[in-house]
Amino acid sequence: MRIEPFGVEIWMNEWETRCEWNLAETCVESLTIRELLRLAGRNDEDLSALLPMQMTYGAIEGSDRLRQAIAALYRRQTPGNIIVTHGTIGANMLVHKALVERGDRVVAVVPTYQQHYSIPASIGAEVHPLHLRAEDGWLPDLDRLRALAVPGTKLIALTNPNNPTGALIPEAMLREIAGIARAVGAWVLCDEVYRGTDQEGSGRTASMADLYEKGISTAGMSKAFSLAGLRLGWIAGPEALLRAVSIHRDYDTISVGRIDDHFATLALEAADAVLERSRAISRGNLAMLSDWIDSQPLLSWVRPRSGTTAFVRYDAPMTSREFCVDLLQATGVLLTPGSALGVEGHLRIGYANAPGILREGLRRTGDFLARLPAPGVLYTL
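Now for a description of the structure that goes with this document. What you see is a predicted model; the values in this text were computed from it and never measured.

### Some words on the overall build of the protein
Phase 1 of the analysis: When its secondary structure is counted, the protein shows 13 helices and 13 strands.
Phase 2 of the analysis: For 381 residues, the compact-globule formula gives about 21 Å, and the C-alpha radius of gyration of the protein, at 21 Å, lands near that figure.
Phase 3 of the analysis: Seen along its three principal axes, the alpha-carbon backbone of the protein occupies a region of about 60 × 55 × 40 Å.
Phase 4 of the analysis: As displayed, the protein offers around 15,700 Å² of accessible surface, 52% of which is attributable to carbon and sulfur atoms.

The structure is reproduced here in C-alpha cells:
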C-alpha cells in the first residue's frame, strides 16, 4: 500500500523537540496525573487502585465503565454504540478501512487532518475535495457539497471543530449535511476530537452520531481532555458500523492498555470539570491571541469559534515552511506551516498551551514579523 507522507506529523517529528516555545501544540495544556486526580475529586491514595490490577489485555472493546462514560458525552449513544481505539487517529483509520473500498467516491472537506483524504486515496478511492474558503468563514459551501455528493458517494469526511481553522459548523448546518448525505446514501465521518472547546455557551456542539442514522463521530483524550499521553480514543456510531470496524480492529488493536482505560474513565466521569478547565485556558488564550493579531499588519485571520488552533494568513514573500524555519531558528518559536496542511500562505498557531508559553511565543513572533521586509520587497534567505 502506498500512502502520501503525513505533512503535519513529519513537520512535528522534525521540529517539536527542537523548539523553546511550542505554538504548534494542538492539545489544551496537558494535565499531570496529580491534576487529573484533583479534578476528578480524588487524591494520590487512589493510585493504589492500580496496584492489584493484573496486566492482561482487559476488556477488548473497552471496559463497560469507560464506554458508559464515553456514551454520556452524547445525546443518543449507548455503550453498545461505542468502541475504544488507540487515539482518535486510530479511530479515523479504522473507519476509513472498514468503509472505503477501491473505486468508492469519497468527499473530503479540506483543509483537514490528512487522514481524511490520504487514507481513502491509498485504498484506491476517488477522493473529491471540498475546499473551505476564508470568505465563507471556513465553513463548507453546501451547494458545492451537493454538487460533489452525487448518488453512489460512499463517505463524506470532515472535522468539526475544524482543524486547522477553528471554524465551528453549527447544528443546523450539520443537519443539512446529514440531509445531503441521506439523499445519496452516504456515511458521514465527523472527526470531533476538539469537541468541548467552543468559545461560547457550554462549549460542546452537537455530534454527528446523534444527528444522522449513518453518522459516525470520532474523538479521544488528547485535545479537549488534555491527556494525549493516554493514547485513547473512540468511535461512536451505528452498531453495524462497529461490527465492520471490529473486523479490522482485531488485526491492529486487540485492546487498549488497562492503565489508559482506567485514567480515561476517571477523566470522562469528571468531564464537566476537565472541560471547564480546557475552556478557561482556550478562551483566555484566544483573547490574548486576538489582541496580538490586531496589532500585526502582516497578519489576517478568521477568528476561531472553537478548537485550539488558528489559521492565519501572512503577507510576506516567503513560503510558509521558510517562514516557520526562519522563525524557529531566530526565536525558538515553533508554528506549523500551512504547506503541511495543503494551504500555502498560512500558518497554524496552537493557542491552548500554557498562557505563559503563548504570551512569550507571540512576543517573539511579533519581533520577528517586525524585522520582515514590507510587502512587495524582495526577501533574501
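There's more to say after this.
### Description of the state of the cysteines
Phase 1 of the analysis: Scanning the model with the defined rule gives zero disulfides in all.
Phase 2 of the analysis: The structure places no disulfide on C19, whose sulfur is separated from the nearest cysteine sulfur, that of C324, by 12 Å.

### Details of the sheet that holds strand β12 (residues 336–337)
Phase 1 of the analysis: Strand order in the open sheet made by the four strands is β9-β10-β13-β12, with antiparallel pairing throughout. Either end of the sheet is taken by a strand with one partner, and the two such strands are β9 (299–301) and β12.
Phase 2 of the analysis: Here strand β10 (residues 309–314) pairs with strand β13 (residues 346–350) via five bridges, running antiparallel. Its bridge partner being in β13, T309 is matched across the sheet by G350.

### Considering the layout of surface pockets
Phase 1 of the analysis: Here the largest pocket defines a volume of roughly 510 Å³.
Phase 2 of the analysis: Every residue lining the largest pocket is counted, 26 residues in all, and those nearest its centre are E9, T26, Y113, S222 and K223.
Phase 3 of the analysis: Of all elements in the fold, only α1 (7–15) and α4 (87–99) reach the threshold of two or more residues within the lining of the largest pocket.
Phase 4 of the analysis: Grouping the constituent residues of the lining of the largest pocket by class yields ten nonpolar, nine polar and seven charged.
Phase 5 of the analysis: Residues belonging to the lining of the second largest pocket are distributed by class as follows: four nonpolar, six polar and three charged.

### Quick look at unusual backbone geometry
Phase 1 of the analysis: Across the junction of V110 and P111, the peptide omega takes the value 5°, indicating a cis bond.
Phase 2 of the analysis: By secondary structure assignment, the location of P111 is in the loop between β3 (105–110) and α5 (115–123).
Phase 3 of the analysis: A cis amide bond, omega -5°, links N160 with the succeeding residue P161.
Phase 4 of the analysis: Mapped onto the secondary structure, P161 falls in the loop between β5 (153–159) and α7 (171–184).
Phase 5 of the analysis: Of note, the phi angle at W138 is positive, near 60°, even though the residue is not glycine.
Phase 6 of the analysis: Tracing the backbone through its elements, the reader meets W138 in the loop between β4 (126–131) and α6 (142–148).
Phase 7 of the analysis: With a relative accessible area of 7%, W138 lands in the buried category.
Phase 8 of the analysis: At R231, a position not held by glycine, the phi torsion is positive, near 50°.

### Overview of the nonpolar core
Phase 1 of the analysis: Formed by 67 residues in total, the largest nonpolar core has its most connected members in L289, F323 and L335.
Phase 2 of the analysis: Among the elements that make up this core, the one with the highest residue count is α7 (seven residues).
Phase 3 of the analysis: Discounting residues that sit within four places of it in the chain, F323 has contacts with Y314, M318, L335, L347, F368, L369 and L372.
Phase 4 of the analysis: Counting residues in each nonpolar core, the second largest holds 31 residues, with L66, W234, V256 and L266 among its members.

### Looking at helix α9 (residues 239–252)
Phase 1 of the analysis: Given a rise of 1.5 Å per residue, 14 residues ought to cover 20 Å, and the 20 Å separating the end C-alpha atoms of α9 matches this to within 8%.
Phase 2 of the analysis: In α9, a bend of some 30° at S246 exceeds every other bend along the element.
Phase 3 of the analysis: Three or more residues of α9 are buried, namely L241, L242, V245, S246 and R249.
Phase 4 of the analysis: Residues of α9 that are buried make contact with β2 (82–85), α4, β6 (187–191), β7 (215–220) and β8 (233–236).
Phase 5 of the analysis: Following α9 by one or two positions, I254 has its phi on the positive side, about 60°.

### Digging into empty space enclosed by the protein
Phase 1 of the analysis: Applying the stated rule across the entire model yields three cavities of 30 Å³ or more.
Phase 2 of the analysis: In this structure, the largest cavity is lined by 13 residues; those nearest its centre are L73, E192, R195, A219 and F225.
Phase 3 of the analysis: Taken together, the residues of the lining of the largest cavity sort by class into eight nonpolar, two polar and three charged.
Phase 4 of the analysis: In this structure, the second largest cavity encloses a volume near 60 Å³.
Phase 5 of the analysis: The wall of the second largest cavity is formed by V109, L132, W138, L139, P140, L158, T159, N160, N162, A167 and I169.
Phase 6 of the analysis: Residue classes in the lining of the second largest cavity are distributed as eight nonpolar, three polar and no charged.

### Some remarks on the pairing of β8
Phase 1 of the analysis: Alternating positions in β8 separate into two faces, G233 and I235 on one and W234 and A236 on the other, with burial throughout.
Phase 2 of the analysis: By the bridge criterion, four bridges tie β2 to β8 in an arrangement that is antiparallel. For V84, the partnering residue across the bridge sits in β8 and is W234.
Phase 3 of the analysis: Note: β7 against β8, four bridges, orientation antiparallel. Within β8, the residue paired with A219 across the bridge is W234.

### What about the environment of T331?
Phase 1 of the analysis: Looking at where T331 falls in the secondary structure, it is placed in helix α12 (residues 320–331).
Phase 2 of the analysis: Along the primary structure T331 and R364 are separated by 33 residues, whereas in three dimensions their C-alpha atoms are 6.1 Å apart.
Phase 3 of the analysis: Engagement of the side chain of T331 in a polar contact is seen with the backbone nitrogen of V333, the distance being 3.1 Å.

### Focus on the sheet that holds β6
Phase 1 of the analysis: Ordered by their spatial adjacency, seven strands build an open sheet running β2-β8-β7-β6-β5-β3-β4, and the pairing between neighbours is mixed. At either end of the open sheet lies a strand with only one pairing partner, and these are β2 and β4. Across this sheet, the average inter-strand angle for adjacent strands is 20°, counted without regard to direction.
Phase 2 of the analysis: One ladder, built from four bridges, connects β3 with β5; its direction is parallel. By the bridge assignment, V107 is partnered in β5 with I156.

Conventions and cut-offs
Residues numbered from 1 in each chain as written. Predicted model: local features only at pLDDT ≥ 70, side-chain atom pairs only at ≥ 80, totals over all residues. Heavy atoms only, no water. Helix = DSSP H or I, 4+ residues; strand = E, 2+ residues; numbered from the N terminus. Rg over C-alpha atoms; globule rule 2.2 N^0.38 Å. Areas by Shrake-Rupley, 256 points an atom, 1.4 Å probe, with all protein chains shown as cover. Disulfide = S-S within 2.5 Å. Pairing = 2+ DSSP bridges. 1 Å grid on protein atoms, 1.4 Å probe; cavity = no way out; pocket = protein on both sides within 12 Å on 5 of 7 lines; lining within 4 Å. Points joined across faces, edges and corners; volume = space filled by probe spheres on them. Nonpolar A, V, L, I, M, F, W, Y, C, P; charged D, E, K, R; others polar. Buried < 20%, exposed > 50% of the residue type's maximum accessible area, 1.4 Å probe, protein only. Core = buried A, V, L, I, M, F, W, Y, C linked by side-chain atoms within 4.5 Å. Contact = heavy atoms within 4.5 Å. Expected span 1.5 Å × (residues − 1). Bend = angle between axes of the 7 residues up to and from the residue. Polar contact = N/O pair within 3.5 Å; in protein donor to acceptor, adjacent residues only side chain to side chain. Axes fitted to C-alpha atoms, helices over the stretch in contact; angles between N-to-C directions.

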